[in-house]
Amino acid sequence: MELDGIEKVFDVRRKAGRLRREKHQVRAVDGISFRVPRGEMVGYIGPNGAGKSTTIKMLTGILTPSAGRLRVAGIDPSRERTRLAQRIGVVFGQRTTLWWDLPLKDSYRLVHRMYRVPDRRFRDNLDRCVELLDLADLLDVPVRQLSLGQRMRGDIAAALLHDPEVLYLDEPTIGLDVISKAKVREFLLDLNAERGTTVLLTTHDLTDIEQLCKRVMVIDHGRLMYDGALAGLHEIGESERTLVVDLERELPPVVLDSARTVKVEGPRQWLAFPASQSAAPLVAALADKYPVVDLSVREPDIEAVIAKMYAERPGL
Ligand SMILES: Nc1ncnc2c1ncn2[C@@H]1O[C@H](COP(=O)(O)OP(=O)(O)OP(=O)(O)O)[C@@H](O)[C@H]1O
């Protein structure tokens with residue numbers, strides 16, 4: 001993926017009185033440049049309305065940039081959209097590309113025909129997806145009867161049956177339970193390791209980024225605000241994770257060097273600690289001094305990290 005000074009400006013008409021409408025422009029993407037080398041998995045994050053979906057639509061060729069130069073697998077997406085379609089896969093978490101009333105396997109047959117995938121390759125890819133995404137019992141079920149997590153796994157398989165070398169994932173874990181999320185992440189890691197698929201991932205779940213991407217790009221108001229390791233983002237934003245601890249009984253707030261107790265509710269306490277630090281020494285110190293029954297770690301959400309990032313570096 002190569003983007004140089006990419007812009008997308010929408011002309012919109014806004015109501016300006018009872019009958020009058022004013023023309024005005026929205027700069028959804030405002031001069032973005034980056035490169036994603038083959039085989040890299042990159043997070044593409046930002047608040048609502050930042051310009052993520054618009055970027056992905058330009059990368060697929062659905063939208064044409066207003067300015068700048070764009071190449072995906074050496075192809076100009078808006079000029080050769082059909083040729084590019086053979087090389088990319090797209091999953092939109094909020095919408096399905098599967099046929100609602102058809103059993104899952106019929107949707108796959110249609111993909112087989114539409115992309116003219118050679119029979120042997122189609123069968124191999126389908127077998128692999130069915131096995132790794134646990135789809136065997138779902139192939140005869142109409143898509144409308146699938147749960148969200150099952151549907152998402154079905155959608156990911158559909159995006160991969162033609163062996164794309166680039167995959168765009170727009171919120172692939174949204175609304176999924178912990179087990180489904182883990183399955184999807186594990187599958188994506190395998191895919192990237194085995195096939196070297198390049199992945200651009202949009203998500204509001206920082207754990208997705210943490211587990212899948214070494215690199216993360218933050219976009220806001222159509223501009224690239226950060227491009228680097230997730231740890232660096234945490235440092236800039238000084239974001240915190242939270243350890244939620246259930247003690248044997250109600251106790252005064254826990255006192256530990258490496259964390260601050262931010263909330264106490266009966267035997268449950270919330271301890272904040274820097275997101276860039278490992279939770280392991282904290283858990284060990286806690287278990288050493290206090291009667292711990294259960295605990296879990298909560299990740300900061302992306303909006304909170306970004307909000308802190310701006311607060312720390314207002315010049316960004
Ligand atoms: N077709 C369109 N016409 C006019 N404005 C648009 C159009 N598509 C997007 N926009 C505007 O462009 C900006 C960026 O939108 P975009 O959908 O790319 O954001 P996003 O980062 O994907 O947000 P979200 O996380 O909510 O999906 C928003 O202000 C949006 O209202």
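Residues numbered from 1 in each chain as written. Predicted model: local features only at pLDDT ≥ 70, side-chain atom pairs only at ≥ 80, totals over all residues.

Participant: Quick rundown of the overall build of the protein? Include the residues and the values.
Facilitator: In terms of helices and strands, the protein carries ten helices and 13 strands. By its C-alpha atoms, the protein is 65 × 55 × 45 Å across when sized along the principal axes. Counting only residues that meet the buried cut, the protein has 36% of its 316 residues in that class. (Helix = DSSP H or I, 4+ residues; strand = E, 2+ residues; numbered from the N terminus. Buried ≥ 20, exposed ≤ 12 C-beta atoms within 10 Å, placed from the backbone.)

Participant: So what's going on with unusual backbone geometry? Which residues, and what values?
Facilitator: The phi dihedral of Arg-116 is positive, around 50 degrees, even though this residue is not glycine. Assignment of secondary structure puts Arg-116 in the loop between α3 (104-114) and α4 (119-132). We classify Arg-116 as exposed; it has 9 C-beta atoms within 10 Å. Within the chain, His-221 stands out as a residue other than glycine whose phi angle is a positive 45 degrees. Mapped onto the elements, His-221 comes out in the loop between β8 (215-220) and β9 (223-229).

Participant: Describe the nonpolar core, naming the residues involved and giving the relevant values.
Facilitator: Within the largest apolar cluster, 64 residues are counted, with the highest numbers of intra-cluster contacts made by Ile-156, Leu-161 and Leu-201. If near-sequence neighbours (up to four positions away) are discounted, Leu-201 is found in contact with Met-41, Val-42, Gly-43, Tyr-44, Leu-169, Asp-208, Leu-212 and Cys-213. Judged by nonpolar contacts, the second largest core, of seven residues, contains Val-245, Val-254, Ala-259 and Leu-282. (Core = buried A, V, L, I, M, F, W, Y, C linked by C-beta atoms within 7 Å. Contact = placed C-beta atoms within 7 Å.)

Participant: Describe in detail the site of the ligand, supporting the description with residues and values.
Facilitator: In the vicinity of the ligand, the contacting residues are Phe-10, Val-12, Val-26, Ala-28, Gly-46, Asn-48, Gly-49, Ala-50, Gly-51, Lys-52, Ser-53 and Thr-54. Residue assignment for the shell around the ligand shows that the elements contributing at least two residues are β1 (2-15), β2 (21-35) and α1 (52-60). At three residues, α1 tops the list of elements feeding residues into the shell around the ligand. Class assignment for the residues of the shell around the ligand results in five nonpolar, six polar and one charged. (Near = placed C-beta within 6 Å. Nonpolar A, V, L, I, M, F, W, Y, C, P; charged D, E, K, R; others polar.)

Participant: Lay out the domain arrangement of the protein in plain terms, naming residues and giving numbers.
Facilitator: Taken domain by domain, the protein comprises domain 1 (2-234) and domain 2 (240-299). Using C-alpha coordinates to define each centre, domain 1 is positioned 37 Å away from domain 2. (Domains from an automatic or database assignment.)

Participant: Break down the confidence of the model for the protein for me, citing the residues and quoting the values.
Facilitator: Of all residues in the protein, 94% attain a pLDDT of 70 or more, and the chain-wide mean is 89. Both scores are given for the predicted complex: the pTM is 0.78, the ipTM 0.96. (pLDDT = per-residue confidence, 0-100.)

Participant: Could you give me a rundown of the sheet that holds strand β10 (residues 240-247), with the residues and numbers involved?
Facilitator: Read across the open sheet, the four strands follow the order β11-β12-β10-β13; overall the sheet is antiparallel. The strands lining the two open edges of the sheet, one partner per strand, are β11 (260-265) and β13 (292-298). Strand-to-strand, the axes of this sheet are offset by a mean angle of 20 degrees, without reference to chain direction. Inspection of the sheet shows β11 paired to strand β12 (residues 268-274) by five bridges, in the antiparallel sense. (Pairing = 2+ DSSP bridges. Axes fitted to C-alpha atoms, helices over the stretch in contact; angles between N-to-C directions.)

Participant: I'd like a description of the pairing of β9, backed by residues and values.
Facilitator: Examined bridge by bridge, β8 and β9 share six bridges and lie antiparallel to one another. Counterpart to Arg-215 in the pairing with β9 is Ala-229.

Participant: Report on the sheet that holds strand β4 (residues 67-71), specifying residues and quantitative values.
Facilitator: Strands sit in the order β2-β1-β4 across an open sheet of three strands; the sheet is antiparallel. The open sheet has two free edges, formed respectively by β2 and β4, since each of these has just one partner strand. Ignoring which end each strand starts from, the neighbouring axes of this sheet average 35 degrees apart. Most of the contacts of α1 go to β2, to which it runs at about 70 degrees, and overall it touches β1, β2 and β4.

Participant: How would you sum up the environment of Leu-251? Please name residues and give values.
Facilitator: Its location among the elements puts Leu-251 in the loop between β10 and β11. Placed 16 residues apart in sequence, Leu-251 and Pro-267 show a C-alpha to C-alpha distance of 6.6 Å.

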